[in-house]
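So you can see what is in the structure, the chains are spelled out below.
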Amino acid sequence: MRAYPRRWAPVAAAAALAAGVPAAAVPAGGGPAAALPGAGGSAAADDVVFPTSEMTGLSAVSGVVTRDGAALPGADVLAVAYPAGDALDVPEGRAVGTLVAGAASTDRLGRFSVNIDPAALPAPYTGERGQLNLEVAISDGAREVRWMTTAVRSSHARPIGGTPARCGAAVGRSCDPGAPGDPGDPVYVVSGAGGSERLVVVVPTAEGRPVVPVWSTASSEAAGVSVPRQLRVDLGADPTAADANDDPAAWVSAPAGEEVTPEGEAGGRTPPGTPSPPPSRPSSAPPEPTSTPSRPTPAPSRPASTPSRPTSTSSRPTPAPSRPASAPSRPLSAPSPPPAPSRPFGAAAARGIGRALVTPRAPAFPAIAAALKDGAVTAAQISAGRLAAARRSPGPCIPRVVKRHDGREETYMGVYAWSGALATVTQANGADHTLSTGAARAGGRWSSNGSLTLTVRAGDSHTASRVADAWAIGTVNYGVLANGCDGRRNLVPLSLGDPIKRFARAYHPSLKAQCITLYGHSSVWDKDQARNVVIGGGVSVAGFTASAQSGYDVRSKLSFRPTKLTRLCGNRGAGVRLSSIVEAHKG
């Protein structure tokens, strides 16, 4: 790990910005940040790159950077920490204090890893369970792309390293993880619980020595393995950025129908769990959008005279009905046709989601490089993940919340049950919800640029019982964050509201990959393991449609209570418990 001279000339515009950097801002709750060096310092010119690093136990985010498909050595990476938990949930007009938490440069194969020691982070930047919100900026010296992510503390002790995946027949390349090949090829492949999933690591460990990650992602943890965020970024003519372990082509739509009421209170309704007939019109995968594809708008909610949702318990007051009691209602004996089935987005939509917004390089890069050259920070400090301890702000360009969009509905989970085995939905304190973030483009459009993981707060825990054939819908509060220097804007989830606001009718799928039998009046069966599917149009806010995902664990689960013979089926051959979708029907 070392710092060495940059291979290209300094960028005049970036250097000019760096020369005007005043004393750094004060991070929220973190005390005064150190002032960045300005024009008077001997290292104002951006002529130093950051240390390179293989993947270590402290790697919070790793990745591969290319230019038009070819490895890009010497690209710079900064990881800027945002506040976590309640510290992120700031009102309109308030600045969001940020902190440079890590830095790296790409090696000769375009690979990088950013190391962050949790012990170096001030309190406002870690959540109750150690979550760390990061904005990762990746620059080629003139331009940059940004990606937002949440690193969570790992809970699985399985090491990463050893024999590279390149040795396998599926890859068919040299067994040397440092050998040239297609940039972004997986170096290691890590199996999830029960072999249900395969997650990739695109950066090797030092000499292949196994390391146990300190950091992971909420999605990886739900899959039963700890893998830090793995990015693939291209800074060429058609810039792209993507998570190597999250393919938007596999995201699913969530067509929603009328609001769902408890089974047994619906009179002559068709019993929940009855396999849905084909929709009246054929449905196709969503077309390629200008931003993240959107989901259909649900039908108006039911009148107040009909119970608004299944039986539930919550620490929050029950919200008022959304429609007056005098509103006309559909006869319960003649239910409306079911909504269309949920469908994968497909490759065309995924290409649109993967297109990255490229902006001029921010002044934080030359300023931190200057601090490194002047000795205000050291290469050893960066390599050890201790940069956050220096309390360096990314300069005067701190973000400010200029507009809040509170109470936006979030569709995050499909509940497919039947009258003989109704489901209980649990969203307890600490349940994770991963929601995509957006970067503003010209013309009021948004481009997807990663995601942040928020957790259900203790006062918002909620359980709803007797649910069947429904989408679980909660609420989330988003904010538009404007950069203090160039005005660039991000759309960021700030906090979760009620995790179970209501339920809307969903198409009941027929799954056959793996099934088990539940006998009448047997014990409750809990779905509390595995990654859930990503709902591609889970949230609609400010013209942007964001993805939403809540994994299955003890805090976010489905519980089926069989009263009749039931078949419970999943979508994976590894078993129902490890499936991303489960459905119950008559046995």
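Quick look at the structure, then. (Residues numbered from 1 in each chain as written. Predicted model: local features only at pLDDT ≥ 70, side-chain atom pairs only at ≥ 80, totals over all residues. Heavy atoms only, no water.)

## Looking at the overall build of the protein chain
For clarity, the threshold we go by: Think of it this way: any DSSP run of H or I at least four residues long counts as a helix, any run of E at least two long counts as a strand, and we number them from the N terminus. The cut-offs for exposure are 20% and 50% of the maximum accessible area for each residue type, with area from a 1.4 Å probe on protein chains only; residues under the lower value are buried, those over the upper are exposed, and the others partly exposed. Contacts are residue-level and defined by heavy atoms, with any inter-residue pair within 4.5 Å sufficient. For the accessible areas, the method is Shrake-Rupley and the probe is 1.4 Å, while residue cover comes only from the protein chains on display.
Each helix and strand in the protein chain was counted, giving 5 helices and 29 strands. For the protein chain, the proportion of its 587 residues judged to be buried stands at 58%. Long-range contacts, defined here as pairs at least 24 residues apart, represent 78% of the contacts in the protein chain between residues at least 6 apart. When the accessible surface of the protein chain is summed, it comes to about 21,700 Å², and 53% of that surface belongs to carbon and sulfur atoms.

## Quick word on the packing of aromatic side chains
To describe a pair of aromatic rings, you give the distance between the ring centres and the angle between the ring planes. The criterion, for reference: Between the rings of Phe, Tyr and Trp (Trp by its six-membered ring), a pair exists once the centres lie within 6.5 Å; its type follows the angle of the planes, with under 30 degrees stacked, over 60 edge-to-face, and the other angles tilted. Working rule: Lys NZ or Arg CZ, within 6 Å of ring centre, within 35 degrees of ring normal, means a charge sits over the ring.
Inspection of the entire model under this criterion finds 4 aromatic pairs. Positioned above the aromatic ring of Trp 215, the side-chain terminus of Arg 153 is 5.7 Å from the ring centre.

## Examining the sheet that holds strand β28 (residues 566-570)
Let me state the cut-off plainly: By definition, two strands form a pair when at least two bridges between them are found by DSSP. In this analysis, axes come from line fits to C-alpha atoms, helices being fitted only over the stretch in contact, and the angle between any two N-to-C directions falls in the range 0 to 180 degrees.
Taken in spatial order, the 3 strands line up as β23-β28-β29 in an open sheet, and their pairing is antiparallel. At either end of the open sheet lies a strand with only one pairing partner, and these are β23 (514-518) and β29 (582-586). Ignoring strand direction, the axes of neighbouring strands in this sheet form an average angle of 25°. Note: β23 against β28, 5 bridges, orientation antiparallel. Counterpart to Ile 516 in the pairing with β28 is Leu 568.

## Regarding empty space enclosed by the protein
Heads up, the condition is: Space inside and on the surface of the protein is sampled on a 1 Å grid over the protein atoms alone, with a cavity defined as a set of points where a 1.4 Å probe fits but cannot get out and a pocket as an open set with protein on both sides within 12 Å along at least 5 of 7 lines; lining residues have an atom within 4 Å of a point. Grid points are joined across faces, edges and corners, and a volume is the space filled by probe spheres set on the points.
Per the counting criterion, the structure on display carries 4 cavities of 30 Å³ or more. Counting residues per element, the ones that place at least two in the lining of the largest cavity are β7 (143-153), α2 (218-222), β11 (229-234), β12 (240-243), α3 (347-354), β17 (432-440), β18 (446-455) and β26 (544-549). Looking at the lining of the largest cavity element by element, the count peaks at 4 residues for β18. Space inside the second largest cavity adds up to approximately 220 Å³. Residue lining of the second largest cavity: 18 residues in total, with Tyr 82, Glu 135, Arg 146, Cys 397 and Asn 483 positioned closest to the centre.

## Quick notes on the state of the cysteines
Counted only if it meets this: Note on terminology: pairs of cysteine sulfur atoms within 2.5 Å are recorded as disulfides.
Applying the stated criterion across every chain yields a total of 1 disulfide. Each sulfur in the disulfide pair Cys 515 and Cys 569 lies 2.0 Å from the other. Every disulfide takes its handedness from the sign of the S-S torsion; for Cys 515 and Cys 569 that torsion is 110°, giving right-handed. Here the residue Cys 515 occupies a position in strand β23, and Cys 569 occupies one in strand β28, the gap between them amounting to 54 residues. A relative accessible area of 25% means that Cys 515 is categorised as partly exposed. We classify Cys 569 as buried; its relative accessible area is 1%.

## Considerations on α3
Of all the positions in α3, only Ala 349, Ala 350, Gly 352, Ile 353 and Gly 354 are classed as buried. Lining the buried residues of α3 we find β12 and β18.

## Considerations on the nonpolar core
The criterion, for reference: Within this scheme, the nonpolar core is defined by two criteria: the residues are buried Ala, Val, Leu, Ile, Met, Phe, Trp, Tyr or Cys, and they are joined through side-chain atoms within 4.5 Å.
Membership of the largest hydrophobic core comes to 41 residues, with the highest contact counts inside it found for Val 425, Leu 435, Tyr 478, Phe 503 and Phe 560. With 5 residues, the top contributor of residues to this core is strand β20 (residues 470-483). The residues contacting Val 425, other than those within four sequence positions of it, are Met 413, Val 415, His 462, Thr 463, Ala 464, Val 467, Ile 500, Phe 503, Lys 557 and Leu 558. Counting residues in hydrophobic clusters, the runner-up holds 31 residues, among them Ile 116, Val 136, Trp 215 and Val 233.

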